[in-house]
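Observations on the three-dimensional arrangement
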Amino acid sequence: MAGFRLTKAYTMPRDELREAAEGLAARLEQQHGVRSSWRGDSVRIKGSGVDGELSFEDGVVDVSVRLGLLASPFKKMLQAEVQRYLDEHIH
């Protein structure tokens, strides 16, 4: 099973961070047909061949994604998309 993990430090207020995380989840839902659900300060992303989680605590955003066999060819594209979103929206 392929996958990736990204981390990014943050100093922004928690409510702004959650809003940015909700934006990423909404974008992934719209563009990739996954579903998201919140539990505390983490959001789970699930879809056909995609299982991931975004959490934030202690000044670090942590994104981990596992990709099934059919989604594996999209690893680089998805990883770049998530990294770009983090770079643009998390500070």
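Because the structure is predicted, anything quoted here is derived from the model rather than measured.

With that settled, the discussion passes to the sheet that holds strand S2 (residues 35–39). Pairing in this open sheet of 5 strands is antiparallel, and the strands run S1-S5-S4-S3-S2 from one edge to the other. Only two strands of the sheet have a single neighbouring strand rather than two, namely strand S1 (2–9) and S2. For this sheet, the mean angle separating the axes of adjacent strands, direction not counted, is 10 degrees. Both S2 and strand S3 (residues 42–47) contribute to a ladder of 5 bridges, which runs antiparallel. Within S3, the position partnered with Ser37 by the bridge is Arg44.

Turning our eyes to something else, we now look at the pattern of salt bridges. Throughout the structure, instances matching the rule amount to 8 salt bridges. Close ionic contact of Lys8 with Asp87 constitutes a salt bridge, the shortest N to O distance being 3.6 Å. Note that Lys8 is positioned in strand S1 and Asp87 in helix H2 (residues 75–89), a separation of 79 residues in sequence. For Asp87, a relative accessible area of 45% puts it in the partly exposed group. Taking the shortest distance from any N to any O, the salt bridge between Arg66 and Asp51 comes out at 2.2 Å. Residue Arg66 is located in strand S5 (residues 60–67), and its partner Asp51 is located in strand S4 (residues 50–57); the two are separated by 15 residues in the primary sequence.

Calculation rules
- Residues numbered from 1 in each chain as written.
- Predicted model: local features only at pLDDT ≥ 70, side-chain atom pairs only at ≥ 80, totals over all residues.
- Heavy atoms only, no water.
- Pairing = 2+ DSSP bridges.
- Helix = DSSP H or I, 4+ residues; strand = E, 2+ residues; numbered from the N terminus.
- Axes fitted to C-alpha atoms, helices over the stretch in contact; angles between N-to-C directions.
- Salt bridge = Lys/Arg side-chain N within 4 Å of Asp/Glu carboxyl O.
- Buried < 20%, exposed > 50% of the residue type's maximum accessible area, 1.4 Å probe, protein only.

Any functional reading would require information that these geometric values do not contain.
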